[in-house]
Amino acid sequence: MYFKVNKKEFSDAINVVSKAVSINSPMPVLHNIKLSVKENYIKLTASDGDISIETFIKLKDNNLEVISEGDILIDGKYLGDMIRKIDAEKIEFEVLDGNLCGIRGNAVNFEINGINAEEFPLIKFNQPDEKFILDSETFKEIIFQTCFAASDKETKPILTGVNFNCNGNKLICVATDSYRLAQKEVLLESEHNFNITIPAKNLLDISKVLVTESDIEIAVDDKKALFTFDDILIQTRLIDGLYPEISRLIPTSFDYELVIDARDMLNALDRASFIKNEGVYLVRMQISENEIMITSKSNDIISQEVVTPISFEGEPLDISFKGNYVYEAIRALNAYEVKICFTGKMKPFTLTSTSDDKILQLVLPIKTYN
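Residue numbers restart at each chain and count upward from 1, following the sequence in its written direction. Reporting in this predicted model follows two pLDDT cut-offs: at least 70 for local features of residues, and 80 or more for side-chain atom pairs to be given and counted; totals over whole chains, interfaces and linings ignore these cut-offs and use all residues. The basis for every side-chain value is the complete set of heavy atoms in the structure, and neither hydrogens nor water enter the calculation.

**What about a negative patch on the surface?**
Cut-off, in case you're wondering: Patch building starts from residues that exceed 30% relative accessible area and form no salt bridge, then joins like charges within 9 Å and nonpolar side chains (Val, Leu, Ile, Met, Phe, Trp, Tyr) within 5 Å. Accessible surface is estimated by sampling points in the Shrake-Rupley manner with a 1.4 Å probe; for residues, cover comes only from the protein chains shown. By definition here, a salt bridge exists when the distance from a side-chain nitrogen of Lys or Arg to a carboxyl oxygen of Asp or Glu is within 4 Å. Asp and Glu are treated as the negative residues and Lys and Arg as the positive ones, with His and the ends of the chain left uncounted. By convention, the point assigned to a charge is CZ for Arg, NZ for Lys, CD for Glu and CG for Asp. Segments assigned H or I by DSSP are reported as helices when at least four residues long, segments assigned E as strands when at least two residues long, and all are numbered from the N terminus. The buried label goes to any residue with under 20% of its type's maximum accessible area, the exposed label to any with over 50%, and the partly exposed label to all in between, with areas taken from a 1.4 Å probe on protein chains only.
Together, E39, E69, D71, E118 and E119 make up a negatively charged patch on the protein surface. Positionally, E118 belongs in the loop between β9 (108–113) and β10 (130–135). For E118, a relative accessible area of 73% puts it in the exposed group.

This is how it looks when you write it as structure tokens:
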């Protein structure tokens, strides 16, 4: 195997697939990137067994010259580091003897032992029949507005993912850790029927690769989801199990309605939420028609701040919650004004944007003895 390739394109492709390289995997072969070199392209593949990524460098504008074809596995971390350290416009890559590889550019010459490509697990990037299109901005919004609410505890594996449920042309994406919930609704151009849960960690990894403005084709079945854009394919496993029925958790009627300036509230919560009380960033919010008193305290510190509401309907309300939960919920709404609706002191409350009813956040209050 011997080829010459544009350094930037090679480095970019390595950075993409590196998101799936597992340096801690008990299978050493998964520490590697697979290079498959053909006459008109180089294919790079990596997998951690949970998420797999494949991308191509295709022949165009003298960016690639293939002298001989072949396949090899190269340690992903070392490969990326070596390419970054070569100060040259083009990189030469050659299998010298057995699995010994030479990587050259200008006066720099690295040698590294590769591994026989046949040891890499067979990964089929075949496309499921159920597929739909999302623009990249919408897909990034789904990830940003839901993943943070997924659980980080493996005791309930299904809650570590984001549920994608579509019946007709309405796609509902939900994440919850049982104490808060984030829901994003998207209308698709065609009708579909599926209910899958994708690991939130994998979605966040995909978002790191999404530098494109192209549309994303998403194909799903009951075992996997395949994301295709530009010359990149990303495949993730699904989480087995039935996702909780969340519609019954979301209140439909309210006794209190508060509208606030999002920036004012974020700033106040940021100043209050650094104080831990018995391991919890507990914030107390006392709401009346003319002011919101935000209080947090520990044995050593007390913080109080007054925020002026835009509007408030209902009797005065005294409620406590995890400050970082509400902060993250408001931040995810990405709105100028936020509407918070309550049904009682110990009932879940919802946060929505006054300008976008397709995204909803829900937080459970905490019982305190003031």
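**Points about the packing of aromatic side chains**
The following threshold applies: In summary, the pairing rule links any two rings of Phe, Tyr or Trp, Trp by its six-membered ring, whose centres are within 6.5 Å, and it sorts them by plane angle into stacked for under 30 degrees, edge-to-face for over 60 and tilted for everything else. Ring-over charges, as used throughout, are those where CZ of Arg or NZ of Lys falls within 6 Å of the ring centre and within 35 degrees of the ring normal.
Throughout the structure, instances matching the rule amount to 7 aromatic pairs. Arranged with centres 5.8 Å apart and planes meeting at 85 degrees, the rings of F3 and F10 form a pair that is edge-to-face. Under the relative-accessibility criterion, F10 is labelled buried at 0%. Centre to centre, the rings of F132 and F194 are 5.4 Å apart; their planes meet at 10 degrees, and the pair counts as stacked. In this pair, F132 is assigned in strand β10 and F194 in strand β12 (residues 180–199), connecting sequence segments 62 residues apart. No difference in accessibility class separates F132 from F194, as the two residues are buried. Each member of the aromatic cluster is reached from another via a ring pair, and the members are F3, F10 and F93. Positioned above the aromatic ring of Y325 is the side chain of R180, whose terminal nitrogen or guanidinium carbon lies 4.0 Å from the ring centre.

**Quick look at the pattern of salt bridges**
Counted under the stated rule, the structure contains 18 salt bridges. Among the salt bridges present, the one from K58 reaches D231, with a minimum N-O distance of 3.3 Å. Placement of K58 in strand β4 (residues 51–58) and of D231 in the loop between β14 (224–229) and β15 (232–237) is noted, with a sequence separation of 173 residues between them. Accessibility expressed as a relative area gives 42% for K58, which makes it partly exposed. Across the pair D318 and R284 runs a salt bridge whose closest N-O atoms are separated by 2.6 Å.

**Quick look at the sheet that holds strand β19 (residues 302–307)**
Note the following rule: Two strands form a pair only when DSSP identifies at least two bridges running between them. All axes here are fitted lines through C-alpha atoms, helices being fitted over the stretch that makes contact, and every angle between N-to-C directions spans 0 to 180 degrees. Working rule for contacts: check all heavy atoms of both residues, and any pair within 4.5 Å makes them a contact.
In spatial order, the strands read β19-β18-β17-β21; together these 4 strands make up an open sheet with antiparallel pairing. Two strands bound the open sheet, and with one partner strand each, they are β19 and β21 (317–322). Neighbour to neighbour, the strand axes of the sheet diverge by 20 degrees on average, direction disregarded. In the sheet, strand β17 (residues 282–287) pairs with β21 via 6 bridges, with the strands oriented antiparallel. Looking across to β21, one finds that I287 is bridged to L317. Sitting on the sheet, helix α5 (residues 262–272) touches β17, β18 (292–297), β19 and β21, and the angle it makes with β19 is about 175 degrees. Sheet contacts for helix α6 (residues 323–333): β17 and β21; angle to β21, the most-contacted strand, approximately 90 degrees.

**A word on the nonpolar core**
Note the cut-off: Among buried residues, the Ala, Val, Leu, Ile, Met, Phe, Trp, Tyr and Cys ones that are joined through side-chain atoms within 4.5 Å form a nonpolar core.
Counting 67 residues, the largest nonpolar core has F10, L44, F93, F139, F164, L203 and F227 as its most contacted members. For F227, the residues in contact, after removing those within four places along its chain, are F139, I198, L203, I206, I216, E217, I218, I232, L233, I234 and T236. With 32 residues, the next largest nonpolar core counts M285, L317, V326 and I340 among its residues.

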